[in-house]
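The primary structure of each chain is shown beneath.
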Amino acid sequence: MHIQEWLETVPAISVYVLVGVVIGLESLGIPLPGEIVLISAALLAAGHDGINPWVLGACATAGAVIGDSIGYAIGRRGGRPLLAWLGGKFPRHFGESQIAMAERSFQKWGMWAVFFGRFVALLRIFAGPLAGVLHMPYWKFLIANVLGGIAWAGGTTAVIYSVGVVAEEWLKRFSYLGLAIAVAIGLASMLIIKNRAKKAAGQSTGTAAEPESVPVAD
């Protein structure tokens, strides 16, 4: 009860700002738990009349789009040296073979790579900078970035908020059990969406891949 009463006193503006900033920084390339923050905020909105889910979704979408755009600008300016630095920090994901495959994928499926990357944690963090490094045309990146941000942030907010509203009575009667069930259902819904996004992205990558390896230009 003390936690619930404290949550009721949280100003809505602080929730909006927190969600937008965390998701923006994650999209910029900083590994932060943006999805967890968004899910928690959507659940809070379901039981907090002062938090508007439409405004929450809009703030999450704005953070995603703006963060990705800044990440794109950083990647465009940093170029190959940035990829080399990322390769030193995350060799399993940014080695030469991964970068070569990413380059082929972005060249042929660039907009879809950005769109579906929004649903995958690691790609959500690095899609913006990588698209900038690989010189994807910004107008294509922006379209995929905006649509992906709306689908991911808006979809996550809508799904989790709806689950929270439906489970409101359970949350009141069995706070811990109800919360666990609500989170489990919400996460299961997001995992289904992510799995479909991964399959679609994998099919695109497999189609774009060529037998020969493409060396990374200096």
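Please refer to the structure placed before this passage.
Fair warning: this is a prediction, and the values are worked out from it, not measured in the lab.

Engineer: Please give an account of the overall build of the chain that cites residues and values.
Structural biologist: When helices and strands are tallied, the chain shows 10 helices and zero strands. Overall, the chain shows an N-to-C arrangement of helices and strands of α-α-α-α-α-α-α-α-α-α. Burial analysis of the chain (218 residues in total) assigns 43% to the buried set. A separation threshold of at least 6 residues defines the contact pool for the chain, and within that pool the share at least 24 residues apart is 79%. On the chain, roughly 11,900 Å² of surface is accessible, and the fraction owed to carbon and sulfur atoms is 69%.

Engineer: An account of the pattern of salt bridges is needed here, citing residue identities and associated values.
Structural biologist: Tallying each qualifying case throughout the model produces one salt bridge. A salt bridge links Arg118 to Asp68; its shortest N-O distance comes to 2.8 Å. Linking Arg118 in the loop between α6 (96-117) and α7 (121-133) with Asp68 in helix α4 (residues 53-89), this pair joins segments that are 50 residues apart in sequence.

Engineer: Outline the nonpolar core, supporting the account with residue identities and numerical values.
Structural biologist: Across soluble globular proteins, nonpolar side chains have a tendency to be buried as a group. Core analysis: the largest hydrophobic core is formed by 25 residues, its most contacted members being Val15, Val19, Ile23, Ile51 and Leu56. Residue assignment for this core shows that the elements contributing at least two residues are α2 (12-28), α3 (34-46), α4, α6 and α8 (138-166). Residue contributions to this core peak at eight residues, all from α3. Leave out the neighbours within four places in its chain, and Val19 touches Val37, Leu38, Ala41, Leu56 and Ala60. Counting residues in hydrophobic clusters, the runner-up holds 12 residues, among them Leu82, Phe106, Leu130 and Val133.

Engineer: Tell me about the packing of aromatic side chains, and name the residues and values.
Structural biologist: Scanning the model with the defined rule gives seven aromatic pairs in all. Between the aromatic rings of Tyr72 and Tyr138, the centroid separation amounts to 5.2 Å while the plane-to-plane angle is 55°, which identifies the pairing as tilted. With Tyr72 in helix α4 and Tyr138 in helix α8, this pair connects stretches of sequence that are 66 residues apart. According to the relative accessible area criterion, Tyr72 is buried, its value standing at 5%. A centroid spacing of 6.1 Å and a plane angle of 35° characterise the contact between Tyr138 and Phe141, whose relative ring orientation is tilted. One end of the pair is Tyr138 and the other is Phe141, both in helix α8 and three residues apart, which spans about a single turn. Here a set of aromatic residues connected by ring pairs shows up, and it is made of Trp112, Phe115, Phe116 and Phe119.

Engineer: Could you give an account of the packing of α2 against α3, naming the residues involved and the relevant values?
Structural biologist: Here α2 crosses α3 at 160°, and the two axes come no closer than 9 Å. As judged from the angle between their axes, α2 and α3 are roughly antiparallel. Along this stretch, α2 crosses α3, giving a crossing that reads as left-handed. Contacts between α2 and α3 pair Val15, Leu18, Val19, Val22, Ile23 and Glu26 from the former with Gly34, Glu35, Val37, Leu38, Ala41 and Leu44 from the latter. Here the contact of α2 with α3 is composed, by residue class, of nine nonpolar, one polar and two charged.

Procedures and definitions
Residues numbered from 1 in each chain as written. Predicted model: local features only at pLDDT ≥ 70, side-chain atom pairs only at ≥ 80, totals over all residues. Heavy atoms only, no water. Helix = DSSP H or I, 4+ residues; strand = E, 2+ residues; numbered from the N terminus. Buried < 20%, exposed > 50% of the residue type's maximum accessible area, 1.4 Å probe, protein only. Contact = heavy atoms within 4.5 Å. Areas by Shrake-Rupley, 256 points an atom, 1.4 Å probe, with all protein chains shown as cover. Salt bridge = Lys/Arg side-chain N within 4 Å of Asp/Glu carboxyl O. Core = buried A, V, L, I, M, F, W, Y, C linked by side-chain atoms within 4.5 Å. Phe/Tyr/Trp six-rings, centres within 6.5 Å; stacked < 30°, edge-to-face > 60°. Axes fitted to C-alpha atoms, helices over the stretch in contact; angles between N-to-C directions. Parallel < 35°, antiparallel > 145°, perpendicular 65-115°, else oblique. Left-handed = near helix turned anticlockwise from the far one by under 90°. Nonpolar A, V, L, I, M, F, W, Y, C, P; charged D, E, K, R; others polar.

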